[in-house]
Amino acid sequence: MNEYKLEFKNHMGAWFMDESICDKMLKYFYDNSQIHKEGTAYFDDKTSNNWYNKDIKDSVEINIPCNFFGKPFDEYRNSLQIILENYIERYTYLKAVPKFNINEDYMIQTYPKGGGFKNWHAENCAPVLSKRILAFMTFLNDVPDGGTMFRDQDIIIPAKKGLTLIWPAGFTHVHKGQITDKHEKQIVTGWYSFV
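Bear in mind the structure is a predicted one, so any value in this text is a computation, not a measurement.

(A) A look at the overall build of the protein. For the protein, the helix and strand inventory stands at 2 helices and 15 strands. Relative to the globule expectation of 16 Å for 195 residues, the C-alpha radius of gyration of the protein, 16 Å, shows essentially globular dimensions. By its C-alpha atoms, the protein is 40 × 40 × 35 Å across when sized along the principal axes. Taking all 195 residues of the protein together, the buried fraction comes to 51%. Computing the positive centroid from 23 side-chain charges and the negative centroid from 25, the protein places the two 2 Å apart.

This is the structure we're talking about:
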């Protein structure tokens, strides 16, 4: 797999998976519109665990059970595992931490033109999310002006088809979508959590 070069100090890694896997994931998404749902975001506001708020996150999603390995998810998970192994070889301290895996449902998401995850956020900054150690994301299509912005690293990861990013889930990697009014953006995203 080809690596997308990122500075070591950023604790981020990115590699390209085969674009044919992206096509299969998108076909699954479009062939299963009956299970599409409006995207949610967790905010600990003391009144609601999940908000449906298009000013914060505007998406259509399918949840994929973490233990489902039917097609095309078998191919996706096999490629993702290779990328994770590359990441662990890059940041070898991960070999010393307790076991982690994909223990939550992950998602295929489509962001419409003007949509996206619009607020700065981290992936484990709430008690119910605290077991998350790493996040992953695969861009399923090319979006020239629709990458993902990481605030404290001061970088934008471009939305390039097949590019799969892994990064720490905590507050050190606050991020949000780069919102475009010109294109849809489609991704697969999820988390590695302590077992």
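Back to the write-up after that little detour.
(B) Spatial organisation of the environment of N141. Positionally, N141 belongs in the loop between β10 (132-139) and β11 (143-150). You can call N141 buried: its relative accessible area is 14%. Along the chain, N141 and K160 lie 19 residues apart, while their C-alpha atoms are 6.2 Å from each other. Sequence-distant contacts of N141, that is, excluding residues within four places in its chain, are made with A159, K160, K161, E184, K185 and Q186.

(C) Expanded view of the environment of A122. Mapped onto the secondary structure, A122 falls in the loop between β9 (116-117) and β10. Residues A122 and N2, 120 residues apart in the sequence, show an inter-C-alpha distance of 27 Å.

(D) Spatial organisation of the packing of aromatic side chains. If you walk through the whole model with that rule in mind, you get 11 aromatic pairs. Between F100 and Y192, the ring centres sit 6.1 Å apart and the planes meet at 80°, which makes this aromatic pair edge-to-face. Taken together, the residues F100 in strand β7 (residues 100-101) and Y192 in strand β15 (residues 185-194) connect sequence positions 92 residues apart. Exposure class is identical for F100 and Y192. Each is buried.

(E) Geometry of the nonpolar core. By size, the foremost hydrophobic cluster in this structure holds 31 residues, and its most contacted members are Y76, L94, F100, L134, F136 and Y192. Among the elements of the structure, α1 (19-31), β6 (60-64), α2 (73-90), β8 (106-111), β10 and β15 are those that each provide at least two residues to this core. Among the elements that take part in this core, α2 stands out by supplying 7 residues, more than any other. With residues near it in sequence (within four places) discarded, L134 still touches L84, Y87, L94, F100, I166, W167, P168, A169, G190, W191 and Y192.

(F) Highlighting the pairing of β10. Counting buried positions along β10 yields 8 of 8 residues, so the element is predominantly enclosed. Here β10 runs beside β15; their pairing, made up of 7 bridges, is antiparallel. Its bridge partner lying in β15, L134 is registered against Y192. Strand direction decides the pairing type here: β10 and strand β13 (residues 163-168), joined by 5 bridges, are antiparallel. Looking at the pairing, F136 lines up with I166 of β13.

(G) Examining unusual backbone geometry more closely. At the junction of K71 and P72, the peptide bond is cis and its omega measures out at 0° in the coordinates. Tracing the sequence through the fold places P72 in the loop between β6 and α2. The phi dihedral of D154 falls on the positive side, at around 55°, and the residue is not glycine. Relative to the elements of secondary structure, D154 occurs in the loop between β11 and β12 (155-159).

(H) Looking closely at the packing of α1 against α2. The geometry of α1 relative to α2 is characterised by a closest axis approach of 9 Å and an angle of 140° between their N-to-C directions. Viewed along their axes, α1 and α2 adopt a mutual orientation that is oblique. Along this stretch, α1 crosses α2, giving a crossing that reads as left-handed. On α2, the residues that touch I21, K24, M25 and Y28 of α1 are F73, E75, Y76 and S79. Grouping the amino acids of the contact of α1 with α2 by side-chain chemistry returns 5 nonpolar, 1 polar and 2 charged.

About the criteria used
Residues numbered from 1 in each chain as written. Predicted model: local features only at pLDDT ≥ 70, side-chain atom pairs only at ≥ 80, totals over all residues. Heavy atoms only, no water. Helix = DSSP H or I, 4+ residues; strand = E, 2+ residues; numbered from the N terminus. Rg over C-alpha atoms; globule rule 2.2 N^0.38 Å. Buried < 20%, exposed > 50% of the residue type's maximum accessible area, 1.4 Å probe, protein only. Lys, Arg positive; Asp, Glu negative; His and termini not counted. Charge placed at Lys NZ, Arg CZ, Asp CG, Glu CD. Contact = heavy atoms within 4.5 Å. Phe/Tyr/Trp six-rings, centres within 6.5 Å; stacked < 30°, edge-to-face > 60°. Core = buried A, V, L, I, M, F, W, Y, C linked by side-chain atoms within 4.5 Å. Pairing = 2+ DSSP bridges. Axes fitted to C-alpha atoms, helices over the stretch in contact; angles between N-to-C directions. Parallel < 35°, antiparallel > 145°, perpendicular 65-115°, else oblique. Left-handed = near helix turned anticlockwise from the far one by under 90°. Nonpolar A, V, L, I, M, F, W, Y, C, P; charged D, E, K, R; others polar.

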